[in-house]
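# Reading the structure
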Amino acid sequence: MLVSAKKMMADAVKGKYAVGHFNINNLEWTKAILLTAQENNSPVMLGVSEGAGKYMGGYRAVVGLVKGMIEDLSITVPVAIHLDHGSYEGAKKAMEAGFSSVMFDGSHYDIDENIEKTKEIIAIARAQGITVEAEVGAIGGEEDGVVGAGELADPQECKKIADLGVEMLAAGIGNIHGKYPANWNGLDFGILAEIKKLTGDMPLVLHGGTGIPVDMIKEAISLGVAKINVNTECQLSFAAATRKYIEEGKDLVGKGYDPRKILGPGFEAIKATVKEKMEIFGSVNKA
Ligand code: 13P
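Right, let's walk through the structure included here. Because the structure is predicted, anything quoted here is derived from the model rather than measured. (Residues numbered from 1 in each chain as written. Predicted model: local features only at pLDDT ≥ 70, side-chain atom pairs only at ≥ 80, totals over all residues. Heavy atoms only, no water.)

### Some details on the site of the ligand
Close to the ligand lie 15 residues, the nearest being D84, G178, G208, T210 and T232. Between the ligand and the protein, one listed contact pairs an oxygen atom with a side-chain N or O atom of H177 at 3.1 Å. In terms of residue class, the shell around the ligand is made up of two nonpolar, eleven polar and two charged. (Near = heavy atom within 4 Å. Polar contact = N/O pair within 3.5 Å; in protein donor to acceptor, adjacent residues only side chain to side chain. Nonpolar A, V, L, I, M, F, W, Y, C, P; charged D, E, K, R; others polar.)

Here's what the structure looks like:
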């Protein structure tokens, strides 16, 4: 069932668990994540970066694929199609195309411009029942050419953005996209606790979910994180399973070259990764 993120976020804050946001790239990713959510009776958010949207043909193609699959596969758990790290123009386009949720990432603007632009996106979104995620403090690492320095968000700025009426707030707390370096300092729970204190029941979003140790994930959830973004980990498990298939020469046996066979192990690997995350995040049986 395609929905905005409003109710699933409110439920997650109340129930003290987090909904997984998993980035999609193509049909296999989408199908693997939707089926895993249904099998585990879990709400889910399908994250679409601007780059992935373009790769799949455009935002309308993404919406058509997701809506068609929800219907054809009888997916009854709540599913949101969410633009990930959207630009101002990108967020507007995604909303026009039928996304049920968007992130407007204004973290690279100064706070006043971030506030102004976030307000405009909220006004458009609200009229259509679409949910909005905003960001304060750039998330480190590199994602689709957007490079952030791994800042710690200013809690007062978080409050200002939260007060605009966004439904979700991403705040930099030492998290980064991609694999964590060996000398990573870990999440800054002091900052997270301050942000939580100032923003009340605002669902907080933890980007860079790949590779964060389970105890840190659980602590983050206990401090108000209600949405956790995972991208790289599905890519790594897909790549490893696909590599194994080819290295074992399975594509050379019988009709092993059939794309539906070649992509099979990677598809199963994504499912296993998503299931494991849903269990850690606590969203199983919360649909
Ligand atoms: P990872 O690729 O580190 O899992 O981060 C995903 C993310 O935050 C998408 O916005």
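### Section: the environment of T199
If you trace the backbone, T199 turns up in helix 8 (residues 189-199). Once the C-alpha coordinates of T199 and I161 are considered, the two residues, 38 residues apart in sequence, prove to be 9.4 Å apart. Not counting chain neighbours up to four residues away, the residues in contact with T199 comprise C158, K159, A162, L169 and L204. (Helix = DSSP H or I, 4+ residues; strand = E, 2+ residues; numbered from the N terminus. Contact = heavy atoms within 4.5 Å.)

### A closer look at the packing of helix 4 (residues 59-72) against helix 5 (residues 88-97)
Contact geometry of helix 4 with helix 5 gives a least axis separation of 9 Å together with a crossing angle of 40°. Comparing their axes, helix 5 and helix 4 come out oblique. Handedness of the helix 4/helix 5 crossing: right-handed. Residue-level inspection shows Y59, R60 and V63 of helix 4 in contact with helix 5, the latter providing G90, K93, A94, E96 and A97. Tallied by class, the residues present in the contact of helix 4 with helix 5 amount to four nonpolar, one polar and three charged. (Axes fitted to C-alpha atoms, helices over the stretch in contact; angles between N-to-C directions. Parallel < 35°, antiparallel > 145°, perpendicular 65-115°, else oblique. Left-handed = near helix turned anticlockwise from the far one by under 90°.)

By themselves, these are just geometric observations and shouldn't be taken as functional.
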